[in-house]
Amino acid sequence: MTPSTVVPGAAATARSRRSRGPGRLVFLAPGLAYLVAFLLIPLALLLSYTVFRRGRFGGVVHEVTGENFTRLLDPLYLDVVLSSLKLATISTVIALLAGYPTAYLITRLPRRWKTVALVAIVLPFWTNFLVRIYAWIVLLSGPGLVNGALETAGLGPFELLYHEGAIVTGLVYSYLPLMVLPLYAAIEKLDPQLREASTDLGAGPARTFFLVTLPLTMPGVATGCLFVFVPCFGNFIIPELLGGGRSIMVGNLIRDQFLKARDWPFGATLTLALLAVLVVLLLVQAWSARRA
């Protein structure tokens, strides 16, 4: 072999990277084009609308103003944000309390039944979202099945629709699978020998759970809480249908600004404020997962 045919390792690596660059770009181009067209450009439009004001008959008047940001501090809108935070937090906590035992029990099933249980968990997602919410209206209405069962037991009827309890019920039902699946993944990959070692050292089931199982599955808990909290916080269909429009959440407020009030600049400002909150939550979840 002559010296001219010998290629140093660093040069060979650089050539290999350069040769793979165009091929990678070809495969990345469709995804990047999709993100630019349907994410970055709409976000840029929303950002540009926030500094303009609403026209007399709606729409956007291209006159720069900071009024949209000061309106965010109005007590009326702050109450809506706080109400949304409350309902989303309550729904997330209930989903966690219901989802963790469910995920834990699924991990204890025989292998062939695990698949069946997981399919049953995600089965509601195969049905149209609106159909499932209307089904809850039928269940919770005055002459519905729930009140009928309560009357038979001598405990009813009750007003189950059009209040915050109905909204929380709909949110938990809709997004509970998003809590169960990350928890199942975290518990399933947990080494069972750790729990056995805790038991051998004299710890009871409760102490083993709180000192071993729960701390080691906290990344799954954080991910599940994020997956549930984010759609609950911005939801507007469930408060509209199950809440009867009496409890307004951030999603309803944003929708009304665009479709009813036709105040696009303030609607864009509310949307970006909501996105900012969600980005902060994502960063907190990533930080907690990295520490774990």
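Thresholds applied
- Residues numbered from 1 in each chain as written.
- Predicted model: local features only at pLDDT ≥ 70, side-chain atom pairs only at ≥ 80, totals over all residues.
- Heavy atoms only, no water.
- UniProt positions renumbered as here; feature names shortened; annotations may be inferred.
- Axes fitted to C-alpha atoms, helices over the stretch in contact; angles between N-to-C directions.
- Helix = DSSP H or I, 4+ residues; strand = E, 2+ residues; numbered from the N terminus.
- Parallel < 35°, antiparallel > 145°, perpendicular 65-115°, else oblique.
- Contact = heavy atoms within 4.5 Å.
- Nonpolar A, V, L, I, M, F, W, Y, C, P; charged D, E, K, R; others polar.
- Core = buried A, V, L, I, M, F, W, Y, C linked by side-chain atoms within 4.5 Å.
- Buried < 20%, exposed > 50% of the residue type's maximum accessible area, 1.4 Å probe, protein only.
- Patch = residues over 30% accessible without salt bridge, like charges linked within 9 Å, V, L, I, M, F, W, Y side chains within 5 Å.
- Areas by Shrake-Rupley, 256 points an atom, 1.4 Å probe, with all protein chains shown as cover.
- Salt bridge = Lys/Arg side-chain N within 4 Å of Asp/Glu carboxyl O.
- Left-handed = near helix turned anticlockwise from the far one by under 90°.
- Phe/Tyr/Trp six-rings, centres within 6.5 Å; stacked < 30°, edge-to-face > 60°.

If you look the protein chain up in an unreviewed UniProt entry, it shows as ABC transporter permease from Planomonospora corallina. Regarding the protein chain, the relevant UniProt record gives this comment under Sequence similarities (unreviewed entry): "Belongs to the binding-protein-dependent transport system permease family. CysTW subfamily." Here is the UniProt Subcellular location (unreviewed entry) comment for the protein chain, exactly as written: "Cell membrane".

Quick look at the packing of helix α9 (residues 205-216) against helix α10 (residues 218-234) now. It is the contact of α9 with α10, at a shortest axis distance of 4 Å, that shows an interaxial angle of 55°. When the interaxial angle is binned, α9 and α10 end up oblique. Contact with α9, carried on its side by Leu214, Pro215 and Leu216, involves Met218, Pro219 and Val221 of α10 and no other residues of that element. Residue classes in the contact of α9 with α10 are distributed as 6 nonpolar, no polar and no charged.

Membership of the largest hydrophobic core comes to 43 residues, with the highest contact counts inside it found for Phe233 and Leu242. Broken down by secondary-structure element, the contributors of at least two residues to this core are α3 (75-107), α4 (111-122), α5 (129-140), α7 (164-188), α10, α11 (237-241), α12 (250-259) and α13 (264-291). Looking at this core element by element, the count peaks at 11 residues for α7.

The next thing to look at is unusual backbone geometry. For Tyr162, which is not glycine, the phi torsion reads 65° and is therefore positive. Mapped onto the elements, Tyr162 comes out in the loop between α6 (145-152) and α7. For Arg262, which is not a glycine, the phi torsion comes out positive at approximately 55°. Within the fold, Arg262 resides in the loop between α12 and α13. By relative accessible area, which is 39% here, Arg262 ends up partly exposed.

Mapped onto the elements of the fold, Thr107 is located in helix α3. Here Thr107 falls in the buried class, since its relative accessible area comes to 13%.

Moving on, we get to a nonpolar patch on the surface. Nonpolar side chains collect at one region of the surface, where Leu28, Leu32, Tyr34, Leu35, Val36, Phe38, Leu39, Leu40, Ile41 and Leu45 lie side by side and expose about 980 Å² of accessible area between them. By the element assignment, Leu28 lies in helix α1 (residues 9-49).

Put simply, α3 and α10 touch, their axes get as near as 9 Å, and they point 140° apart. By the angle class used here, α3 and α10 are oblique. Judged by the twist between their axes, the crossing of α3 over α10 is right-handed. Taken together, the residues of α10 that come into contact with α3 (itself represented by Val81, Ser84, Leu85, Ala88, Thr89, Ser91, Thr92, Ala95, Leu96 and Tyr100) are Val221, Cys225, Val228, Phe229, Cys232 and Phe233. Looking at side-chain class alone, the contact of α3 with α10 contains 12 nonpolar, 4 polar and no charged residues.

Before going further, it helps to examine the packing of aromatic side chains. Scanning all chains against the criterion turns up 8 aromatic pairs. Judged by centre distance (5.1 Å) and plane angle (80°), the rings of Phe209 and Phe210 are edge-to-face. Overall, the relative accessible area of 55% leaves Phe210 in the exposed class. With centroids separated by 6.4 Å and ring planes inclined at 50°, the aromatic side chains of Phe258 and Trp264 adopt a geometry described as tilted. The exposure class assigned to Phe258 is partly exposed, which follows from its relative accessible area of 23%. Of the residues examined, Trp264 reaches a relative accessible area of 31% and is grouped as partly exposed. Grouped by ring-pair contacts, the aromatic residues Tyr49, Phe258 and Trp264 constitute a single cluster.

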